[in-house]
Amino acid sequence: MALAESADRVPVFDLNPEFVGPEERLAKWSEWTRPICDFAPLNWRGTDGILRARAWPTGKAVFTDTLIEPHVTKRETYHVRNYAKPTLVTRMHAFGHSSSEVRSDAYITKPGDLNVVDFTETYSSISTRVRFFTFVVSHEAVNYDPSVHAPHIRMPPDGPQGAALASAFLRIMKGLPVFTVKEAEAAVDHFLSLFARMLEQSLEETASPPDPTQKRQAAIRTFVENHLLSPDLTPGMLAAEFGISRATVYRDVEEMGGLQRYIIRRRLEEACKELAFGPDMRGIVGEVANRWHFSSTAHFSREFRRRFGFNPGKAVNCALVQTPSEAAKDSPAASREEAPEWLERL
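Being a predicted model, the structure only gives us computed values, none of them experimental. (Residues numbered from 1 in each chain as written. Predicted model: local features only at pLDDT ≥ 70, side-chain atom pairs only at ≥ 80, totals over all residues. Heavy atoms only, no water.)

Quick word on the overall build of the protein
Thinking step 1. Of the regular secondary structure elements, the protein holds 13 helices and 13 strands.
Thinking step 2. Across the 346 residues in the protein, those meeting the buried criterion constitute 51%.
Thinking step 3. Long-range contacts, defined here as pairs at least 24 residues apart, represent 73% of the contacts in the protein between residues at least 6 apart.
Thinking step 4. By element, 52% of the accessible surface of the protein is carried by carbon and sulfur atoms, the whole surface being about 16300 Å². (Helix = DSSP H or I, 4+ residues; strand = E, 2+ residues; numbered from the N terminus. Buried < 20%, exposed > 50% of the residue type's maximum accessible area, 1.4 Å probe, protein only. Contact = heavy atoms within 4.5 Å. Areas by Shrake-Rupley, 256 points an atom, 1.4 Å probe, with all protein chains shown as cover.)

Written as structure tokens, this is what we have:
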């Protein structure tokens with residue numbers, strides 16, 4: 001839906017409450033996201049959860065500005081197959097938090113953080129009420145090579161790379177509503193050159209092997225992520241797996257906020273995704289609580305409310321578009337849809 005487009009201005013695809021009612025915004029949002037991810041609103045009141053969404057395609061990159069209520073997104077294998085263009089998505093929060101996962105890399109995005117994700121990877125995220133900016137760019141435009149670059153790159157705002165890129169990114173976002181096409185092209189060219197240099201520097205920083213402690217800490221995090229469903233995921237299990245003492249385990253997981261807290265948080269997040277995209281059936285909350293090793297449904301509900309601010313029943317079967325059947329997932333033709341126009345302009 002291009003609500004503002006002229007010969008000398010950057011076109012904008014705009015879900016503006018001044019022009020588009022809540023039901024139409026929700027329908028249009030579903031149209032925008034369906035080919036590229038599954039989407040589930042969490043605890044929304046009515047249909048007014050999409051408060052604002054805008055996209056500016058500039059030729060070499062697409063920039064977006066979104067204000068949205070709590071939600072879950074999942075980019076599955078069939079989405080990757082459906083939209084196979086080699087692209088990167090970089091996201092920055094103005095406010096709100098997201099807990100995301102790429103491969104076995106689980107991370108939290110706070111205001112000001114920049115996270116770069118390879119869009120040829122599967123991905124999932126749970127967000128609070130959040131306003132975030134993104135830009136989407138092809139691998140080729142910024143010299144990204146998935147064979148050598150990580151699928152997820154963090155650029156913290158307190159580091160030199162993150163601070164420089166965040167400042168340039170915000171200038172672009174501020175200028176897009178008023179830029180002419182030529183002004184936008186010049187600004188985006190400069191910005192993408194900076195971004196490409198940042199990617200190159202990040203590669204140089206990771207070229208040297210980590211020290212043994214850092215390597216073990218990364219391995220422990222990956223192991224924990226891959227064994228969240230195991231009832232035996234304890235400090236003793238990690239000590240035996242890595243041949244270290246329990247005291248060393250506790251030191252290694254300190255940066256995760258403590259092992260037990262991390263495991264509970266991640267199990268709650270995975271349980272929330274199951275509830276949001278799973279069937280609406282009697283006993284589903286108890287079934288999910290048991291699968292993720294909570295001692296009782298009451299314990300699960302209490303921890304869920306503490307983590308998300310509402311009861312787990314509010315998350316049950318709230319996906320806008322249900323995931324395809326197993327047959328559709330295995331059939332490229334059955335799951336293929338056109339990407340939204342704003343993204344196809346990339």
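A look at the nonpolar core
Thinking step 1. Grouped together as the largest cluster of nonpolar side chains are 39 residues, with contacts concentrated most on Leu-42, Val-72, Val-224, Cys-272, Leu-275, Phe-300 and Phe-304.
Thinking step 2. For this core, the elements supplying multiple residues, two or more each, are helix H5 (212-226), helix H6 (235-242), helix H8 (259-277), helix H9 (284-291) and helix H10 (297-308).
Thinking step 3. No other element matches H8, which puts nine residues into this core.
Thinking step 4. Not counting chain neighbours up to four residues away, the residues in contact with Phe-304 comprise Leu-268, Cys-272, Leu-275, Gly-309, Phe-310, Asn-311, Pro-312 and Ala-315.
Thinking step 5. In terms of nonpolar packing, the next biggest core, distinct from the first, is built from 33 residues, Val-137, Met-173, Val-188 and Leu-194 among them. (Core = buried A, V, L, I, M, F, W, Y, C linked by side-chain atoms within 4.5 Å.)

Observations concerning the environment of Ile-108
Thinking step 1. Position of Ile-108 relative to the elements: it lies in strand S9 (residues 105-109).
Thinking step 2. Taking C-alpha positions, Ile-108 is 5.7 Å from Ser-98, a pair spaced ten residues apart along the chain.
Thinking step 3. Non-local contacts of Ile-108, meaning those with residues more than four positions away in its chain, are made with Ser-98, Ser-99, Asp-113 and Arg-265.

Notes on H6
Thinking step 1. For H6, the full list of buried residues reads Pro-235, Gly-236, Leu-238 and Ala-239. Along H6, the residues classed as buried sweep out an arc of 165° about the axis, all on the same side.
Thinking step 2. Looking at the buried positions of H6, the neighbouring elements they touch are H5, helix H7 (246-252) and H8.
Thinking step 3. Remark: Gly-243 follows H6 within two positions and exhibits a positive phi of approximately 65°. (Arc of directions from axis to C-beta.)

Details of the sheet that holds strand S6 (residues 71-75)
Sheet strands pair via backbone hydrogen bonds, and the direction of the pair is either parallel or antiparallel.
Thinking step 1. The five strands lie next to each other as S3-S6-S11-S8-S9, forming an open sheet whose pairing is antiparallel. This sheet does not close on itself; its edge strands, each paired only once, are strand S3 (38-41) and S9. Mean inter-strand twist for the sheet, computed between neighbouring axes without regard to direction, equals 10°.
Thinking step 2. Sheet analysis places strand S8 (residues 98-102) next to strand S11 (residues 123-127), joined by five bridges and oriented antiparallel. In the strand pairing of S11, Ser-98 is matched with Ser-127.
Thinking step 3. Lying over the sheet, H8 contacts S3, S6, S8, S9 and S11, oriented at roughly 85° with respect to S6. (Pairing = 2+ DSSP bridges. Axes fitted to C-alpha atoms, helices over the stretch in contact; angles between N-to-C directions.)

So, the pairing of strand S4 (residues 50-57)
Thinking step 1. In terms of residue burial, S4 counts as a mostly covered element, since seven of its eight residues are buried.
Thinking step 2. Pairing between strand S2 (residues 12-15) and S4: three bridges, direction antiparallel. Within S4, the position partnered with Asp-14 by the bridge is Arg-54.
Thinking step 3. Sheet topology note: the S4/strand S5 (residues 61-68) ladder contains seven bridges and is antiparallel.

A short note on unusual backbone geometry
Thinking step 1. Residue His-293 is not a glycine yet carries a positive backbone phi of 65°.
Thinking step 2. You can see His-293 is positioned in the loop between H9 and H10.
Thinking step 3. Overall, the relative accessible area of 31% leaves His-293 in the partly exposed class.
Thinking step 4. Positive phi, normally seen in glycine, also occurs at Asn-317, with a value near 50°.

As for the packing of H5 against H8
Thinking step 1. Their axes nearest at 11 Å, the elements H5 and H8 cross at an angle of 40°. When the interaxial angle is binned, H5 and H8 end up oblique. Considering only the axes of H5 and H8, their crossing is right-handed. Each of Arg-221, Val-224 and Glu-225 in H5 lies in contact with H8, whose residues at this interface are Leu-259, Tyr-262, Ile-263 and Arg-266.
Thinking step 2. The residue makeup of the contact of H5 with H8, split by class, is four nonpolar, no polar and three charged. (Parallel < 35°, antiparallel > 145°, perpendicular 65-115°, else oblique. Left-handed = near helix turned anticlockwise from the far one by under 90°. Nonpolar A, V, L, I, M, F, W, Y, C, P; charged D, E, K, R; others polar.)

Comments concerning the side chain of His-149
Thinking step 1. Within the secondary structure, His-149 is located in the loop between strand S12 (130-138) and strand S13 (152-155).
Thinking step 2. If near-sequence neighbours (up to four positions away) are discounted, His-149 is found in contact with Asn-143, Tyr-144, Leu-199 and Leu-203.

Let's talk about the pattern of salt bridges
Thinking step 1. For the structure shown, the criterion picks out 23 salt bridges.
Thinking step 2. The partner of Glu-269 in a salt bridge is Arg-265, and the shortest N-O contact between them spans 2.9 Å. Residue Glu-269 and its partner Arg-265 are located together in helix H8, separated by four residues, close to a single helical turn. Across the pair, Arg-265 and Glu-269 agree in class, each one buried.
Thinking step 3. When the shortest N-O distance is used, the salt bridge between Arg-266 and Glu-270 registers 3.1 Å. With Arg-266 and Glu-270 both in helix H8 and four residues apart, the pair spans about one turn of that helix. (Salt bridge = Lys/Arg side-chain N within 4 Å of Asp/Glu carboxyl O.)

So, the packing of aromatic side chains
Thinking step 1. By the definition in use, this model includes 17 aromatic pairs.
Thinking step 2. Aromatic pair Phe-63 and Phe-169: ring centres 6.3 Å apart, planes at 50°, arrangement tilted. Of the two residues, Phe-63 sits in strand S5 while Phe-169 sits in helix H3 (residues 160-175), which places them 106 residues apart along the sequence.
Thinking step 3. Between Arg-75 and the ring centre of Phe-119, over which it is positioned, the NZ or CZ distance is 3.8 Å.
Thinking step 4. Positioned above the aromatic ring of Phe-132, the side-chain terminus of Arg-91 is 3.7 Å from the ring centre. (Phe/Tyr/Trp six-rings, centres within 6.5 Å; stacked < 30°, edge-to-face > 60°. Lys NZ or Arg CZ within 6 Å of the ring centre and 35° of its normal.)

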